[in-house]
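Residue strings, one per chain:
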Amino acid sequence: MNLKNLIKLFGDKNCTKLYVKELQRNNNSKQQIYIATGDTQILSLFPTGDFKANTDGKRKNVTLHASIKFSWLDEEGVAYPAPQAKFILYPDYPEVRFSGFIRGSKKAPSEILNNQIPGRLLFFGVSNDEEVFGFVVGPESEIAQEFSNLKNLERIGVIYSLGIIKEKIIKDTRQLLLKELKRIHLQRWITSKQLGKNNVISPCNTDRCGGPTLEAELGVIQNGLSAPDYLGWEIKQFGVKEFDKIRGIKITLMTPEPDGGYYKDKGVLEFMNEYGYLSTKTSDRRDFTGQRRVGGLKPKKRLKLIIDGFDFNTKKIMDASKGVLLIDNDDSIAASWSFSKLLDKFKKYNRASYVPSIKRMEPERQYHYSNKIQLGIGTDFSYFINALSEGKIYYDPAIHVENISTKPNPKTRNQFRILSHHLSDLYPDMNMEQVDLLEI
């Protein structure tokens with residue numbers, strides 16, 4: 001078994017991203033495997049289930065647990081699921097650990113994982129289907145020796161980050177992304193489209209086709225998954241009138257449905273009856289719109305956005321079981337989003353490219369993508385919450401129910417948005433880069 005054969009095993013499982021963790025003595029099944037200490041950005045690398053607050057009483061402070069569809073590969077490429085595998089976020093540190101990766105697996109490499117020898121390598125292959133495959137080797141193995149000879153590898157915290165394309169290792173995913181975006185820019189006007197299952201191209205005919213068209217050019221299938229789009233990078237397109245005028249553009253970061261409050265308990269129709277209002281466009285429709293910022297006044301229907309479980313002085317989450325609430329004058333919760341829900345939606349922005357586009361409708365719907373883009377690297381959930389607490393991220397719903405008197409038809413879009421000139425607030429100092437693709 002060598003590194004080339006291992007890469008082929010991951011490629012056969014449709015993996016395009018590869019992450020490698022060098023294991024220390026205390027990285028084992030009993031003490032868990034430290035994935036990140038000091039930040040939570042590492043969670044963006046892995047497709048997980050929703051984070052859920054763990055309130056089993058064993059710890060004073062709440063932890064957040066997220067399951068992961070994880071399997072161990074043997075040397076023949078056979079996958080053995082580890083059904084108890086999960087990531088645990090300790091918000092009070094913060095710290096992330098990988099746990100449960102042996103329990104219930106028929107062929108987990110327990111001997112290597114538990115021998116406490118430093119220099120072992122744990123490989124994570126992440127597939128386009130949001131599955132994760134693991135393979136671990138000892139420090140004296142041929143694979144470990146070959147890997148040690150690779151130079152100039154990207155790192156995210158303590159994790160090495162690589163890409164896989166056609167069974168070849170891509171050491172510099174940033175450079176490949178920029179090369180592809182430059183190619184797309186030079187094509188100028190691209191007909192609106194989207195890439196579906198089995199790599200089938202089909203037309204895209206809505207106002208939000210700028211993103212799917214760009215992703216289709218990059219070979220990204222439209223699947224609704226929450227993982228980053230391209231080799232571990234989130235691709236975020238936003239429409240502008242002119243490439244040189246991008247300040248103040250609204251960018252939608254996420255559209256999570258509430259997981260608490262009246263909205264969740266009673267459903268969207270009852271929520272609209274209680275908190276929506278008759279549309280000015282037609283009498284047979286109810287709307288719910290209006291920007292709401294933390295600390296702002298209560299607009300229509302007197303609803304106000306607050307953050308519960310957050311210390312505004314220290315800028316830290318104090319209770320991970322709480323979240324963002326939309327409350328009325330009686331302090332009843334109209335809708336709420338748990339921290340765990342928002343974390344799951346935001347984590348993909350750890351490495352993101354922000355690409356302006358111009359649309360035209362003649363001779364058909366087409367898009368032209370700018371040569372001047374922004375790259376953001378190294379965010380974590382604390383930056384999202386801080387920007388939300390300062391009003392730079394805001395709730396901007398676009399919900400309506402048509403045919404309310406006959407057959408109600410709800411359309412929901414719970415948007416959390418940010419203005420383009422505040423994007424840098426989502427990243428540490430100097431981690432937001434302006435790139436002119438024509439200069440690379």
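Residues take numbers from 1 onward in each chain, read along the sequence in its written order. Note on the predicted model: pLDDT of at least 70 is required for a residue's local features to be given, and 80 or more for side-chain atom pairs to be given and counted; whole-chain, interface and lining totals, by contrast, use all residues. Where side-chain values are given, they derive from all heavy atoms of the structure, hydrogens and water being excluded.

Undergrad: Is there a simple way to think about the overall build of the protein chain in this case?
TA: Helix and strand content of the protein chain: nine helices and 33 strands. Our radius of gyration looks at C-alpha atoms and nothing else; its globule reference is 2.2 Å times the residue count to the power 0.38. In summary, the protein chain has a C-alpha radius of gyration of 23 Å against a globular reference of 22 Å for 440 residues, a match within 12%. The cut-offs for exposure are 20% and 50% of the maximum accessible area for each residue type, with area from a 1.4 Å probe on protein chains only; residues under the lower value are buried, those over the upper are exposed, and the others partly exposed. Burial statistics for the protein chain: of 440 residues in total, 52% are counted as buried. When checking whether two residues touch, look at their non-hydrogen atoms; a contact exists if any pair is within 4.5 Å. Counted over contacts in the protein chain with a minimum sequence separation of 6, partners at least 24 positions apart contribute 65%. Helix and strand definitions here come from DSSP, where helices need a minimum of 4 consecutive H or I residues and strands a minimum of 2 consecutive E residues; each element is numbered from the N-terminal end.

Undergrad: Just to check I follow, could you spell out the packing of aromatic side chains for this structure?
TA: The geometry of an aromatic ring pair comes down to the distance between the two centres and the angle between the two planes. What counts as a ring pair is set by centres within 6.5 Å for rings of Phe, Tyr and Trp (its six-membered ring), and what kind of pair is set by the plane angle: stacked under 30 degrees, edge-to-face over 60, tilted for all other angles. Applying the stated criterion across every chain yields a total of 25 aromatic pairs. Counting every residue linked through ring pairs, the aromatic cluster contains Tyr19, Phe46, Phe70, Trp72, Phe87, Phe98, Phe101 and Phe124. Sitting over the face of the ring of Tyr160, Arg155 holds its NZ or CZ atom 4.5 Å from the ring centroid. Here, a charge over a ring means that NZ of Lys or CZ of Arg falls within 6 Å of the ring centre while also lying within 35 degrees of the ring normal.

Undergrad: I'm lost on the sheet that holds strand β30 (residues 399–402) in this one. Help?
TA: Whether parallel or antiparallel, the strands of a sheet pair through hydrogen bonds between backbone atoms. Strand pairing is defined by DSSP finding a minimum of two bridges between the two strands. Taken together, the four strands give an open sheet; going across it, the order is β19-β20-β30-β31, and neighbouring strands pair in antiparallel fashion. In the strand order of this sheet, the two ends are held by β19 (277–278) and β31 (409–411), each with one partner. As defined by bridge partners, β30 adjoins β31 across three bridges and the pair is classed as antiparallel. Bridge pairing in β31 links His400 to Lys411. Only the contacting stretch of a helix is used when fitting its axis, a line to C-alpha atoms as for every element, and angles between N-to-C directions run 0 to 180 degrees. Packed onto the sheet, helix α7 (residues 268–275) meets β19, β20 (285–288), β30 and β31 and runs at close to 85° relative to β20.

Undergrad: Which parts of the structure should I look at to understand helix α5 (residues 210–217)?
TA: Two residues of an α-helix separated by three or four positions point the same way, owing to the 3.6 residues in each turn. Counting buried residues in α5 gives eight out of eight residues, a clear majority hidden from the surface. Phi for Gly219, located one or two positions after α5, is positive at around 80°.

Undergrad: What should I look at first to understand the pairing of strand β4 (residues 63–67) in this one?
TA: Put simply, side chains in a regular strand alternate between the two faces of the sheet. Alignment of strand β3 (residues 52–54) against β4, held across three bridges, turns out to be antiparallel. When the sheet's bridge partners are listed, Ala53 is paired in β4 with Leu64. Sheet topology note: the β4/strand β7 (residues 86–90) ladder contains four bridges and is antiparallel. Among the inter-strand pairings, His65 is bridged to a residue of β7, identified as Ile88.

Undergrad: Would you take a moment to explain the nonpolar core for this structure?
TA: General note: in soluble globular proteins, nonpolar side chains tend to be found buried as a group. Remark: nonpolar core denotes a set of buried residues (Ala, Val, Leu, Ile, Met, Phe, Trp, Tyr, Cys) joined through side-chain atoms within 4.5 Å. Core analysis: the biggest nonpolar cluster contains 80 residues, and Phe70, Phe98, Phe384 and Leu426 have the highest contact counts within it. For this core, the leading source of residues is helix α9 (residues 381–389), giving five residues. Not counting chain neighbours up to four residues away, the residues in contact with Phe98 comprise Gln32, Ile33, Ile35, Ile68, Phe70, Ala85, Lys86, Phe87 and Phe124. In this structure, Leu181, Ile190, Cys204 and Trp233 belong to the second largest nonpolar core, which totals 23 residues.

Undergrad: Just checking my understanding: could you explain the pattern of salt bridges for this structure?
TA: Where charged atoms from two side chains of opposite charge approach closely, those side chains can pair. Counted as salt bridges are all cases of a side-chain nitrogen of Lys or Arg within 4 Å of a carboxyl oxygen of Asp or Glu. Overall, the coordinates contain 17 salt bridges when judged by the stated rule. With its nearest N and O atoms 3.1 Å apart, the salt bridge here joins Glu154 to Arg351. Here the residue Glu154 occupies a position in strand β11 (residues 154–156), and Arg351 occupies one in strand β26 (residues 351–360), the gap between them amounting to 197 residues. Comparing Glu154 with Arg351, the two get one shared label, buried. Taken together, the shared-partner salt bridges connect Glu180, Arg183, Lys193 and Glu217 into one network.

Undergrad: Looking at this model, I keep getting lost on the state of the cysteines. Mind explaining?
TA: Simply put, the disulfide is a covalent bond whose two ends are the sulfur atoms of two cysteines. Two cysteine sulfur atoms form a disulfide, by the criterion used here, when they sit within 2.5 Å. As enumerated under the stated definition, the model contains one disulfide in all. Paired through a disulfide, Cys204 and Cys209 show a sulfur-sulfur distance of 2.0 Å. Taking the torsion about the sulfur-sulfur bond, which here is approximately -85°, the covalent link between Cys204 and Cys209 counts as left-handed. Among the residues examined, Cys204 registers a relative accessible area of 5% and is labelled buried.

Undergrad: Looking at this structure, I do not really get unusual backbone geometry. What am I missing?
TA: Glycine aside, the phi torsion of most residues is negative, and most peptide linkages are trans. Omega for the peptide link from Glu362 to Pro363 comes to 5°, which places this bond in the cis form. Relative to the helices and strands, Pro363 is located in the loop between β26 and β27 (366–369). Even without a glycine there, the phi angle at Asn152 is positive, about 55°. Inspection of the secondary structure puts Asn152 in the loop between α3 (142–148) and β11. Of the residues examined, Asn152 reaches a relative accessible area of 74% and is grouped as exposed. In the Ramachandran plot, Asn403 falls in the positive-phi region, its phi being about 55° despite a non-glycine side chain. Residue position: Asn403 is located in the loop between β30 and β31. On the basis of relative accessibility, which here comes to 35%, the residue Asn403 falls in the partly exposed class.

Undergrad: Can you help me understand the confidence of the model for the protein chain in this one?
TA: As a note on interpretation, predicted positions should not be read in detail where pLDDT is low. The pLDDT value expresses, per residue, how confident the predictor is, ranging between 0 and 100. Mean pLDDT over the protein chain stands at 88; residues scoring 70 or higher make up 93%. By mean pLDDT, β3 is the weakest element of the protein chain at 76, and β27 is the strongest at 97.

Undergrad: I tried to follow helix α4 (residues 173–186) on my own but got confused; where do I start?
TA: When the terminal C-alpha atoms of α4 are compared, their 20 Å separation across 14 residues agrees well with the 20 Å that a helix rising 1.5 Å per residue should span. All buried positions along α4 are accounted for by Thr173, Leu176, Leu177, Leu178, Glu180, Leu181, Ile184 and His185. For α4, the N-terminal capping position is held by Asp172, with its side-chain oxygen 3.3 Å away from the main-chain nitrogen of Arg174. One or two positions beyond α4, positive phi appears at Arg188, with a value near 60°. Multiplying one less than the number of residues by 1.5 Å gives the expected span of a helix. Throughout this description, a polar contact denotes any pair of N or O atoms lying within 3.5 Å of each other; where both atoms belong to protein, one of them has to be capable of donating a hydrogen while the other can accept it, and for residues adjacent in sequence the pair is counted only when both atoms sit in side chains.

Undergrad: Would you mind showing me how to read the side chain of Asp380 here?
TA: Take Asp380: it is sitting in the loop between β28 (372–377) and α9. Residue classification places Asp380 among the buried positions, given a relative accessible area of 11%. Polar side-chain contacts of Asp380 include one of 2.5 Å to the side chain of Ser382.

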